[in-house]
Amino acid sequence: GESVGLHLPTLSVQEGDNSIINCAYSNSASDYFIWYKQESGKGPQFIIDIRSNMDKRQGQRVTVLLNKTVKHLSLQIAATQPGDSAVYFCAESAAGGTSYGKLTFGQGTILTVHP
Amino acid sequence: SAVISQKPSRDICQRGTSLTIQCQVDSQVTMMFWYRQQPGQSLTLIATANQGSEATYESGFVIDKFPISRPNLTFSTLTVSNMSPEDSSIYLCSASGLPAETQYFGPGTRLLVL
């Protein structure tokens, strides 16, 4: 089936820096995208989502950018903190049919924030 | 967002045995799902748990190996049958309300098969 992949498997940043985590997706029918944060020993935690009719969406310290032309998704974290250290997954969903509600996950990026 | 709990949180099992994992949501949800996350890897969807009917399995997963129940809108179980060491994984339950695409996850069940 279609897959979602990440460019960088690991990312190390200094506390206070901004972080950018990238994700490429291949299903042109995808119309909904989510970023999750997974800390060690826990389940994935919803961070932010975006629909394909938007290019940008902002949350608290996080921004998701969607470029449908090149099928690229990114998560920006402002003023990264040690508590942001985790694995970040992008996921995508295609509307309608048998795929409705199902998520396809990317491979994950390990973010390490150094104090 | 829904609060999701899973039991057990972890278990160590002998090969050939079966383990049933429970998933409880604190509110009524439209869809429930089961995922597997092998060590150091991403999440793979096992099946969609349908209320009152047979689950819908993804390619590579079969009902005999992973029977699933969903007797009501807030509860589901996944059984890992006839386990082998290759079944050692984290098993995650998720649920969504409206919009149906926004899934929230339980804490996972960490399974080790010896």
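Above this text you will find the structure in question.
Let me sum up the structure you'll find in this document. Since the model is a prediction, treat every value here as computed from it, not as a measurement.

Some remarks on the overall build of chain A
- Assigned secondary structure in chain A consists of zero helices and eleven strands.
- N-terminal to C-terminal, the α/β element order of chain A is β-β-β-β-β-β-β-β-β-β-β.
- When each of the 115 residues of chain A is scored for burial, the buried share is 43%.
- Taking the intrachain contacts of chain A between residues at least 6 apart in sequence as the baseline, contacts between residues at least 24 apart amount to 54%.
- Looking at chain A as shown, the accessible area adds up to about 5,500 Å², and 48% of this sits on carbon and sulfur atoms.

Some points on the state of the cysteines
- Taken as a whole, this structure holds two disulfides over all chains when the rule is applied.
- The residue that forms a disulfide with C23 of chain A is C90 of chain A, at a sulfur-sulfur distance of 1.9 Å. Since a negative S-S torsion denotes a left-handed disulfide, the C23 of chain A-C90 of chain A link at about 55 degrees is right-handed. Of this pair, C23 of chain A sits in strand β3 (residues 19–25) while C90 of chain A sits in strand β9 (residues 86–94), placing them 67 residues apart in sequence.
- Looking at C90 of chain A, the relative accessible area reads 0%, which means it is buried.
- There is a disulfide in this structure between C23 of chain B and C93 of chain B, and the S-S distance comes to 1.9 Å. Because the sign of the S-S torsion sets the handedness, a value of about -70 degrees for the bond joining C23 of chain B and C93 of chain B places this disulfide among the left-handed ones. In this pair, C23 of chain B sits in strand β3 (residues 19–25) while C93 of chain B sits in strand β9 (residues 89–96), placing the two residues 70 residues apart along the sequence. Each member of the pair, C23 of chain B together with C93 of chain B, is buried.
- Residue C13 of chain B stays outside any disulfide, its sulfur separated by 18 Å from that of C23 of chain B, the closest cysteine.

Quick notes on the rules
- Residues numbered from 1 in each chain as written.
- Chains lettered and ligands numbered in written order.
- Predicted model: local features only at pLDDT ≥ 70, side-chain atom pairs only at ≥ 80, totals over all residues.
- Heavy atoms only, no water.
- Helix = DSSP H or I, 4+ residues; strand = E, 2+ residues; numbered from the N terminus.
- Buried < 20%, exposed > 50% of the residue type's maximum accessible area, 1.4 Å probe, protein only.
- Contact = heavy atoms within 4.5 Å.
- Areas by Shrake-Rupley, 256 points an atom, 1.4 Å probe, with all protein chains shown as cover.
- Disulfide = S-S within 2.5 Å.

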